[in-house]
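Listed below are the residues making up each chain.
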Amino acid sequence: MSTFGLRPVDALWAAARSIEVSPRWPTGDERSVMVGGVNEVAELAGLLEIDPSGAPFSCMCLGDVSFTVRGEMGAVVGVLTYHLDSRLDWDQWDGAMPLLSPDRLKEWLVERDVIDPHP
């Protein structure tokens, strides 16, 4: 029988029932969106996949987009922060980690008017 370890972020996604995606510094037309369907949550979780071989980076800024992950009854189970330099931060990591598909995530955010396509 084979065994494998789950990463803490896997438990986060398993508990996720919805994700509120919000720009940290809206300047005009940017808006928050709520992702709630099982397929939508899975799609977004895939776009937020990090490169575990990448080195964590400590950043002093608060990030550009927040992903508030909510579980049962709307309880917050985690908040991840996206930095437009293609990194994702979570308090369970030792810094912001590089994303595997930063361009796809940016497209997703632009399509939903969360970020300006021409910052």
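Residues numbered from 1 in each chain as written. Predicted model: local features only at pLDDT ≥ 70, side-chain atom pairs only at ≥ 80, totals over all residues. Heavy atoms only, no water.

Peer 1: Teacher, can you tell me more about the side chain of His83 here?
Peer 2: By the secondary structure assignment, His83 is in strand S4 (residues 76-83). Here His83 is in contact with Cys59, Cys61, Leu62, Gly63, Asp64, Asp89 and Ala96, once residues within four sequence places are set aside. (Helix = DSSP H or I, 4+ residues; strand = E, 2+ residues; numbered from the N terminus. Contact = heavy atoms within 4.5 Å.)

Peer 1: Help me understand the sheet that holds strand S1 (residues 18-23), please; the structure alone is not making it clear to me.
Peer 2: Sheet strands pair via backbone hydrogen bonds, and the direction of the pair is either parallel or antiparallel. Read across the sheet, 6 strands follow the order S2-S1-S3-S4-S5-S6 without closing on themselves; strand pairing throughout is antiparallel. Looking at the sheet topology across the chains shown, the edges are occupied by strand S2 (33-35) and strand S6 (97-98). Summarising the sheet, strand S3 (residues 65-70) and S4 pair through 6 bridges and their orientation is antiparallel. The partner of Phe67 across the bridge, within S4, is Leu80. The strands that helix H2 (residues 38-47) touches are S1, S2 and S3; relative to S1, the one it contacts most, it runs at about 55°. (Pairing = 2+ DSSP bridges. Axes fitted to C-alpha atoms, helices over the stretch in contact; angles between N-to-C directions.)

Peer 1: Is there a simple way to explain the pairing of strand S5 (residues 87-90) in this structure?
Peer 2: Strand residues, when the strand is regular, have side chains that alternate between the two faces of the sheet. With 4 bridges connecting them, S4 and S5 associate as antiparallel partners. Directly across from Tyr82, in S5, lies its bridge partner Leu88. With antiparallel pairing between neighbouring strands as the criterion, S4 and S5 make up a hairpin whose turn holds 3 residues, including Ser86 at a positive phi of roughly 80°. Where S5 meets S6, 2 bridges bridge the pair, whose relative direction is antiparallel.

Peer 1: I'm lost on the side chain of Ser66 in this one. Help?
Peer 2: Within the element layout of this structure, Ser66 appears in strand S3. Since its relative accessible area comes to 10%, Ser66 is described here as buried. (Buried < 20%, exposed > 50% of the residue type's maximum accessible area, 1.4 Å probe, protein only.)

Peer 1: Sorry if this is basic, but what is going on with the pattern of salt bridges here?
Peer 2: Counted by the stated rule, this structure contains 4 salt bridges. As a salt-bridge pair, Glu20 and Arg70 come within 3.5 Å of each other at their nearest N and O atoms. One end of the pair, Glu20, is in strand S1; the other, Arg70, is in strand S3, with 50 residues separating them in the sequence. Take Glu20: its relative accessible area is 24%, and that puts it in the partly exposed class. Given the relative accessible area of 23%, Arg70 is considered partly exposed. Taking the shortest distance from any N to any O, the salt bridge between Asp113 and Arg31 comes out at 4.0 Å. (Salt bridge = Lys/Arg side-chain N within 4 Å of Asp/Glu carboxyl O.)

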